[in-house]
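In case you want the letters, here they are:
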Amino acid sequence: MNNVEIKVNVINQLKLLRQSTFKDKLSFLDEDIQNAQRAKATEVRVTIDYYDNKVTIENNGQKLLNPQALFSIAESEWDEDVQKSESPFGMGFFSNITVSDHIDVYTGNKHIIFNVNEMIQNNKTDIEVVETDESYEGFKLVLSNFDFEQIPPSLIRERLELLGKYIHELDIYCDDKLQEKKNLTDSDGSVFSKIIETNTLKGWIALNTGFSEDLKIFYKGRLVTKLDGLYYVKGDLHINDKTLNLTSPDRKDIIRDDKYFTFQNEVRGYIKELSNNSFLHGEQKYIDSHIDAISWNADKDKLKNEMTFLVFNTEDQNDSEYLNKIALAKRKNPEIRSVNQFEVFIKSEAARQSESNHREIEIVQEVKNKAPEAEGITTWSGSEGSIGGFRAPEIDEDKIDERKGQQIDFQSEPVFWLSFDQIVEHEKKFKIAEHYKLKVIISRNKLESSILETLGKERNIVHISQLTENTLIKASISNTELSTKESRALMLLDMISRMVGFNRNIFSIGDVMVLKQTRIDVLNHTIEKIEDEFVAVHDYLNNKVYIDRTVIDNSRLRESDDEILDINDYKFLLTNLKEIVRAINLMDFDKLERPKDLYDCLIDGLALA
């Protein structure tokens, strides 16, 4: 038996090597496989024995003829020259002592026993080498007392999968399973990914749905580290000797020098380009699932000039109806978070109603003279055979993308925006926008919202919450000279005034004009409009009602001021009774007791007359 010894004469340095030299606890796999390559092996087999706390690593490379070479880790404190040595053993072998305190080596007819604990505790440098009867063709390591608490089997398998993927010179097995090989530019099949091939860099990047940093750097097929500060991104990037400077001795980190910062900026550029292209050209359902990654990494200054928006022209009846249907759907199902989900909800609603023979009718008040309040939708439902019905809208999925938007000239027209989740909250606001025929953008995600918010500071676009209207109604009555029939009508209206409790005639007839003046503060714009549909105005100062002559049907009246009433006078009152009641309702009764039902009161009074 011929023993060998560690040539470094300071055991303390061995302790340091065990505790802190190797930053990556899985380095032992990388180093052992690299040694196998140098020994011209064609395969490496790793067996995990969790119950006996052992990991066995063996290769079919050259036998170790000189055991002393295994432990010659240099006499100058493991300098850079030793790392670059082509000797198949040395520094890398000692990575195994970070995970095992008892190592058995089998190669040729030699069994080498490396009891790490005994060496450190007893300051012993002799290592036992036993001659065996049987010869082992290759090189075999048995790592006993393996520290599975720090390095569970799942991490070993994950690292072997990475090594087997990109080290093409040999086959790597884990528990007899051959690890799949891939090209350096083969991605993992992610929806949004990009292939990179330059003189110093080769690989792929992809957008991730999680916040984690998962962009890996490889050197000669081995994992170096993950890049810091690049969130929501994953990928495998392979570098060469010119790309970056790596740390000694394990090459498991990158030196933060000028090369590093130049490289990091280069990679950031690729990520921004991928994020922008994904948003501009990706399918909406995938954009929705990756929106955090896109929003975090996109080049927003560049994107805002290229992207399209989900724009609704409220002057278009179809667009206005679509907005209202979104609001209705979100009231029914608050979980709807995107346009795509809304489309699916509409389709499923149509199918559900059809299956249950259920029908719904939407009753929406149509108000043309004023932007209406956002009132709830009244529904009526019934079983099959009921009178009336409403067919649920059919949305053609092929046309969804056509609604995605258009380029907008923000400088020439005011535009308002809100996020999809704010539609119910600001329904009143887009009712106002609909009334004034303003354009409305529905932001589909946080990225669009942030860009629209930025655009608001630069261009003619604001959040819809800032849209307010202040309306002033101005009324005037002119041409009060009455015809004979109109004089008789006014006489009859005087009688009606006294029937409801007034001691004077509360009516006047003439040409009534109502001007509505609305100021939209955020636009710094005032809109004036003559309201043709106003036919009666209340004068608060004189407590009097002015009725437009066009609303009075006096065709049955005789041209006479005779105070004796005939049948045509009663016909006139009954014909115009609804307008008369509407006008009286404008009056301030003050101390007078307002009849509970003006209509019934007048009918009863006319019946007595």
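It should be noted that the structure appears before, not after, this text.
None of the values given here were measured: they were computed from a predicted structure.

Turning our attention to the overall build of the protein chain. Of regular secondary structure, the protein chain possesses 17 helices and 23 strands. Among the 609 residues that make up the protein chain, the fraction classed as buried is 46%. Considering only intrachain contacts with a sequence separation of at least 6, the fraction spanning at least 24 residues in the protein chain is 67%. For the protein chain, the exposed surface amounts to about 31,700 Å²; the carbon and sulfur share of it is 45%.

Another point: the nonpolar core. By size, the foremost hydrophobic cluster in this structure holds 42 residues, and its most contacted members are Leu215, Leu227, Leu237 and Phe263. Put simply, the parts of the chain that give this core at least two residues each are β9 (201-207), β10 (213-219), β12 (233-239), α6 (258-281), α8 (291-297), β16 (415-419) and α13 (446-458). If one sorts the elements of this core by residue count, α6 sits on top with seven residues. Among the nonpolar cores identified, the runner-up in size contains 40 residues, and Phe94, Ile120, Ile156 and Leu163 belong to it.

Strand order in this open sheet of five strands is β8-β9-β12-β10-β11, and the pairing throughout is mixed. Each of the sheet's edge strands pairs with one partner strand only, and the pair in question is β8 (193-197) and β11 (222-226). Within this sheet the neighbouring strands show an average axis-to-axis angle of 15 degrees, counted without direction. Of the strands in this sheet, β8, β9, β10 and β12 are in contact with α6, which crosses β9 at around 45 degrees.

Turning next to the pattern of salt bridges. Applying the stated criterion to the full structure yields 27 salt bridges. Of the charged contacts in the structure, one is a salt bridge between Arg549 and Glu486, with a shortest N-O distance of 2.9 Å. Linking Arg549 in the loop between β23 (544-548) and α15 (567-575) with Glu486 in helix α14 (residues 484-499), this pair joins segments that are 63 residues apart in sequence. Here Arg549 and Glu486 have matching classes, each one buried. One continuous salt-bridge network, built from bridges that share partners, spans Arg488, Arg558, Asp562, Asp566 and Asp569.

A few words on the sheet that holds strand β13 (residues 310-313). Spatially, the four strands line up as an open sheet ordered β13-β17-β16-β18, and their pairing is mixed. Each of the sheet's edge strands pairs with one partner strand only, and the pair in question is β13 and β18 (461-463). Each adjacent strand pair in this sheet contributes to an overall mean axis angle of 30 degrees, direction not counted. Taken together, the four bridges between β13 and strand β17 (residues 439-443) define a ladder with antiparallel strand orientation. Across the sheet, residue Leu310 finds its bridge partner in β17, namely Ile442. Docked against the sheet, helix α10 (residues 317-332) engages β13 and β17, running at close to 120 degrees with respect to β13.

One pass over the full model with this rule turns up 17 aromatic pairs. Taken together, the ring pairs in this structure connect Phe28, Tyr50, Tyr51, Phe146 and Phe148 into an aromatic cluster. The ring of Tyr106 has Lys140 sitting right over it, with the charged end atom 5.7 Å from the ring centre.

Secondary-structure assignment places Lys177 in strand β7 (residues 177-178). As a C-alpha pair, Lys177 and Thr47 span 130 residues in sequence and 9.8 Å in three-dimensional space.

So, on to the side chain of Lys234. The topology assignment puts Lys234 in strand β12. Side chain to side chain, Lys234 and Asp188 meet in a polar contact 3.0 Å long. Within polar-contact distance, the side chain of Lys234 engages the side chain of Ser190 at 3.1 Å. The contact partners of Lys234, leaving out residues within four places of it in the chain, are Asp188, Ser190, Trp204, Ile205, Ala206, Leu207, Asn208, Asp214 and Leu215.

Our focus in this paragraph is the environment of Ile156. Relative to the helices and strands, Ile156 resides in helix α5 (residues 153-166). Overall, Ile156 belongs to the buried group, its relative accessible area being 0%. Discounting residues that sit within four places of it in the chain, Ile156 has contacts with Leu26, Leu29, Ile48, Val55, Phe146, Phe148 and Ile151.

Turning to the packing of α10 against helix α12 (residues 427-435), a few remarks are in order. Running from amino to carboxyl end, α10 crosses α12 at an angle of 170 degrees, the nearest separation of the two axes being 11 Å. As the angle between them shows, α10 and α12 are arranged roughly antiparallel. Packed against α10, whose contacting residues are Ser320, Leu323, Asn324, Ala327 and Arg331, the element α12 presents Glu427, Phe430, Lys431 and Glu434 at the interface. Its residues assigned to classes, the contact of α10 with α12 shows three nonpolar, two polar and four charged.

The subject of this paragraph is empty space enclosed by the protein. This structure, assessed with the given rule, holds three cavities of 30 Å³ or more. Reported here for the second largest cavity is a volume of approximately 70 Å³. For the second largest cavity, the lining is made up of eleven residues, of which Asp32, Asn35, Asn59, Phe139 and Leu141 are closest to its centre. Those elements giving two or more residues to the lining of the second largest cavity turn out to be α2 (27-38), β3 (54-59) and β5 (126-144).

With that settled, the discussion passes to the pairing of strand β20 (residues 507-520). Within β20, eleven of the 14 residues are buried, which leaves it mostly tucked inside the rest of the structure. Note: β20 against strand β21 (residues 525-530), six bridges, orientation antiparallel. The partner of Gln517 across the bridge, within β21, is Glu528.

Turning our eyes to something else, we now look at α2. Its twelve residues place the ends of α2 17 Å apart at the C-alpha level, agreeing with the 16 Å of an ideal helix rising 1.5 Å per residue. In terms of residue burial, α2 counts as a mostly covered element, since nine of its twelve residues are buried. Those residues of α2 not exposed but buried are Ser27, Phe28, Leu29, Asp30, Glu31, Asp32, Ile33, Asn35 and Ala36. Once α2 ends, the next one or two residues include Lys40, with phi positive near 60 degrees.

Here strand β2 (residues 43-49) shows a clear split, with Val44, Val46 and Ile48 buried on one side and none of Glu43, Arg45, Thr47 and Asp49 buried on the other. Note that β2 and β3 share six bridges and pair antiparallel. Bridge pairing in β3 places Asp49 opposite Lys54. With antiparallel pairing between neighbouring strands as the criterion, β2 and β3 make up a hairpin whose turn holds four residues, including Asn53 at a positive phi of roughly 55 degrees.

Before going further, it helps to examine the side chain of Asp104. Here Asp104 lies in strand β4 (residues 102-115). Within the buried core, Asp104 has no salt-bridge partner, and the shortest N-O distance to an opposite charge, that of Lys54, equals 6.6 Å. A polar contact is formed between the side chain of Asp104 and the side chain of His111, at a distance of 2.9 Å. When neighbours within four sequence positions are excluded, Asp104 is seen to be in contact with His111, Ile112, Ile113, Lys140, Leu141, Val142 and Ser144.

Scoring rules and cut-offs
Residues numbered from 1 in each chain as written. Predicted model: local features only at pLDDT ≥ 70, side-chain atom pairs only at ≥ 80, totals over all residues. Heavy atoms only, no water. Helix = DSSP H or I, 4+ residues; strand = E, 2+ residues; numbered from the N terminus. Buried < 20%, exposed > 50% of the residue type's maximum accessible area, 1.4 Å probe, protein only. Contact = heavy atoms within 4.5 Å. Areas by Shrake-Rupley, 256 points an atom, 1.4 Å probe, with all protein chains shown as cover. Core = buried A, V, L, I, M, F, W, Y, C linked by side-chain atoms within 4.5 Å. Pairing = 2+ DSSP bridges. Axes fitted to C-alpha atoms, helices over the stretch in contact; angles between N-to-C directions. Salt bridge = Lys/Arg side-chain N within 4 Å of Asp/Glu carboxyl O. Phe/Tyr/Trp six-rings, centres within 6.5 Å; stacked < 30°, edge-to-face > 60°. Lys NZ or Arg CZ within 6 Å of the ring centre and 35° of its normal. Polar contact = N/O pair within 3.5 Å; in protein donor to acceptor, adjacent residues only side chain to side chain. Parallel < 35°, antiparallel > 145°, perpendicular 65-115°, else oblique. Nonpolar A, V, L, I, M, F, W, Y, C, P; charged D, E, K, R; others polar. 1 Å grid on protein atoms, 1.4 Å probe; cavity = no way out; pocket = protein on both sides within 12 Å on 5 of 7 lines; lining within 4 Å. Points joined across faces, edges and corners; volume = space filled by probe spheres on them. Expected span 1.5 Å × (residues − 1). Lys, Arg positive; Asp, Glu negative; His and termini not counted.

Keep in mind that these numbers describe shape and distance, not what the molecule does.
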